[in-house]
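What follows is each chain in one-letter form.
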Amino acid sequence: MTSRTPRPRPRAAALLTGTMALALAGCAEGGTGAAPSTSAPGTSTPSATATSASPTPTPTPSCVETTLDSLTEKQRIGQLLMVGFDTNAALDSLDTAIGTDHVGNVIYLGGWDGADKVTATSDHLQGLVDDKATGGVGLLVAADQEGGEVHQLRGPGFTQPPSASQQAQMSSSELVRAATGWAEELKAAGVNVNLAPVTDTVPADIGTANEPIGKYGRQYGSDPATVTKASRAFIKGMRAGGVEATVKHFPGLGRIRSNTDFSATGITDDTTTADDPYLRPFAAGVRDGAGLVMVGSAIYSRLDPGTPAMFSSAIVTDLLRGDLGYDGVVITDDVNAAAVASTPPAERATKVIEAGGDVVLTGDASVAPEMAAAIRSAADEDRGFARQVDASVERVLALKDRMGLLPCSKGASRG
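Predicted model, so just to flag it, every value in this text is computed and none were measured.

Trainee: Residues and numbers for the packing of helix 11 (residues 345-355) against helix 12 (residues 368-381), please.
Mentor: Each pair of packed helices gets described by two things: the angle between the helix axes and the distance between those axes. The interhelical angle for the contact between helix 11 and helix 12, taken along N-to-C directions, is 50°, at an axis separation of 8 Å. On the basis of the axis angle, helix 11 is oblique to helix 12. Between helix 11 and helix 12 the crossing geometry is right-handed. Of the residues in helix 12, those touching helix 11 at Pro 345, Ala 346, Ala 349, Thr 350 and Ile 353 are Glu 370, Met 371, Ala 374, Ile 375 and Ala 378.

Trainee: Please give an account of the pairing of strand 4 (residues 140-143) that cites residues and values.
Mentor: Both faces of strand 4 are covered, namely the face carrying Leu 140 and Ala 142 and the face carrying Val 141 and Ala 143. In the sheet, strand 2 (residues 105-109) pairs with strand 4 via three bridges, with the strands oriented parallel. By the bridge assignment, Ile 107 is partnered in strand 4 with Ala 142. In terms of strand pairing, strand 4 meets strand 8 (residues 193-194) through two bridges, oriented parallel. Its bridge partner lying in strand 8, Ala 142 is registered against Val 193.

Trainee: Provide a residue-level description of the packing of aromatic side chains, including the pertinent values.
Mentor: Counted under the stated rule, the structure contains five aromatic pairs. When the centroid spacing of 5.4 Å and the interplanar angle of 85° are considered together, the rings of Phe 85 and Trp 112 count as edge-to-face. In this pair, Phe 85 sits in strand 1 (residues 81-86) while Trp 112 sits in strand 3 (residues 112-113), placing the two residues 27 residues apart along the sequence. With relative accessibility at 1%, the residue Phe 85 sits in the buried group. Between the aromatic rings of Trp 182 and Phe 234, the centroid separation amounts to 6.2 Å while the plane-to-plane angle is 45°, which identifies the pairing as tilted. Of this pair, Trp 182 sits in helix 7 (residues 172-188) while Phe 234 is found in helix 8 (residues 224-240), placing the two residues 52 residues apart along the sequence. Here a set of aromatic residues connected by ring pairs shows up, and it is made of Phe 85, Tyr 108 and Trp 112. The positively charged end of Lys 117 is found above the aromatic ring belonging to Trp 112, 5.0 Å away from the centroid. Cation over ring: Arg 255 sits above Tyr 278, and NZ or CZ is 3.7 Å from the ring centre.

Trainee: Tell me what's going on with the state of the cysteines, and back it up with residues and numbers.
Mentor: With the rule as written, the count across this model stands at one disulfide. One disulfide bridge connects Cys 63 with Cys 408, the sulfur atoms lying 2.0 Å from each other. Across the disulfide from Cys 63 to Cys 408, rotation about the S-S bond amounts to roughly 100°, and the bridge is consequently right-handed. Of this pair, Cys 63 sits in helix 2 (residues 63-70) while Cys 408 sits in the segment after helix 13 (383-402); the two residues are 345 residues apart in sequence, bridging distant segments of the chain. Relative accessible area serves as the criterion here: at 13%, Cys 63 is assigned to the buried category.

Trainee: Give a detailed account of the side chain of Asp 276, specifying residues and quantitative values.
Mentor: Looking at the element boundaries, Asp 276 is found in the loop between strand 10 (268-269) and helix 9 (280-287). Engagement of the side chain of Asp 276 in a polar contact is seen with the backbone nitrogen of Tyr 278, the distance being 2.8 Å.

Trainee: Can you lay out unusual backbone geometry for me, pointing to particular residues and giving the numbers?
Mentor: His 249 follows Lys 248 through a cis peptide bond whose omega is 5°. Note that the residue after Phe 250, namely Pro 251, is joined by a cis bond; omega there is -5°.

Trainee: Give a description of the sheet that holds strand 13 (residues 329-332) that names residues and reports values.
Mentor: Taken in spatial order, the eight strands make up an open sheet running 13-11-9-8-4-2-1-14, and their pairing is parallel. On the outer flanks of this sheet lie strand 13 and strand 14 (360-362), each paired with one strand and no other. Packing against the sheet, helix 12 makes contact with strand 1 and strand 14, and its axis sits at approximately 180° to strand 1.

Trainee: Describe the pattern of salt bridges, and please don't skip the residues or the numbers.
Mentor: The tally for this structure, following the rule as stated, stands at 10 salt bridges. The shortest N-O distance in the salt bridge between Asp 390 and Arg 76 comes to 2.9 Å. Of this pair, Asp 390 sits in helix 13 while Arg 76 sits in helix 3 (residues 73-78), placing them 314 residues apart in sequence. Taking relative accessible area as the criterion, Arg 76 reaches 17% and is therefore assigned buried. Among the ionic pairs, Arg 255 bridges to Asp 276, the shortest N-O distance being 2.9 Å. Placement of the pair is Arg 255 in the loop between strand 9 (244-250) and strand 10 and Asp 276 in the loop between strand 10 and helix 9, with a sequence separation of 21 residues. In this structure, a network of salt bridges that share partners links the residues Asp 144, Glu 146, Arg 218 and Lys 248.

Trainee: Describe the environment of Tyr 108, with residues and values.
Mentor: Structurally, the position occupied by Tyr 108 is in strand 2. When the C-alpha positions of Tyr 108 and Val 191 are compared, they lie 9.0 Å apart, and in sequence the two are 83 residues distant. Other than its neighbours up to four places away in sequence, Tyr 108 contacts Phe 85, Val 118, Thr 121, Ser 122, Leu 125, Val 141, Ala 142, Ala 143, Gln 152, Leu 153 and Val 191. Here the side chain of Tyr 108 touches Ser 122 through a polar contact of 2.7 Å, side chain to side chain.

Rules behind the numbers
- Residues numbered from 1 in each chain as written.
- Predicted model: local features only at pLDDT ≥ 70, side-chain atom pairs only at ≥ 80, totals over all residues.
- Heavy atoms only, no water.
- Axes fitted to C-alpha atoms, helices over the stretch in contact; angles between N-to-C directions.
- Helix = DSSP H or I, 4+ residues; strand = E, 2+ residues; numbered from the N terminus.
- Parallel < 35°, antiparallel > 145°, perpendicular 65-115°, else oblique.
- Left-handed = near helix turned anticlockwise from the far one by under 90°.
- Contact = heavy atoms within 4.5 Å.
- Buried < 20%, exposed > 50% of the residue type's maximum accessible area, 1.4 Å probe, protein only.
- Pairing = 2+ DSSP bridges.
- Phe/Tyr/Trp six-rings, centres within 6.5 Å; stacked < 30°, edge-to-face > 60°.
- Lys NZ or Arg CZ within 6 Å of the ring centre and 35° of its normal.
- Disulfide = S-S within 2.5 Å.
- Polar contact = N/O pair within 3.5 Å; in protein donor to acceptor, adjacent residues only side chain to side chain.
- Salt bridge = Lys/Arg side-chain N within 4 Å of Asp/Glu carboxyl O.

Have a look at this one:
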């Protein structure tokens, strides 16, 4: 992994962000000894043996630390993978991935019809969680439920959220209330992560020519202030309804032309810099406690020329974790995207971890064993990479502890 001299925080981002460190519980501090006193000649001084110092208490391991220590190497690595579950697949199609390959997270893809079907599937998936499969750690069960044209869960039991532009026209309080209701529907169906809101800003002069976002009206607006206001309300509502929100697609897809899912050309942003105003919605999401930040696969010539964002330590470690102060879970956009297809699947997984990312999202569950083996092999060969793996697992477990998904979490649940 390459590194560079840390920059001062960008003024634009620093105005909005505070470190969203997910603090680990517990860890009492030991007392400190008093400074020695001095005495005048001829005066008596208490014997050093007259008093006995209190022993420093042993810190109590946190739930995250206890869980981390209890997991096998394969179970730890499984926490760093999220695999797709297609709506047309059989109910038991991921049983091996979770039960044998220890995959710790799932995303619903393909358009799921009706809350009954989603609920039954979520119950089945969480029912696979046990000591042998995931070390008893519950699954992140995610969906793209942005609104407008992008809503993977539909039909009876689900309200279709309006488009982003319509959401942006609501007052903040109205959007918080609406998003809380949408989150409650997701939660009831066993979905605990929404891969939304979109915090990309699409300039007005690009508009629908921006294929990944603008073409489908997925943006809240063409200026960072509008995007920030609406995305903050959406995040607040999601969390109020018991669902973790995800700001995406860092550091922003609004200035490219082609869709990274389908093209490896036309995906370079030549404008975005480390102190760009378009980073402000992401900084606000970090400050407001978004559970995850999704990093895309576009290329940013003024940040790390030629390197897809999800593989870039300059973008993930230096900019997102360093300058914006984010210490939570970084998840990738789908690594099956055309933008990174020239990189073998195994390398995609290791490059994400090397860059500072945590969860590798793949719509193709069949490549999960190959990705897990590559991460394990790299960790066995490189102590530095092994430390990165442990740090990533710890961040994922910290999020899951907050969600009540660890066996020892307060109010532990599987939903």
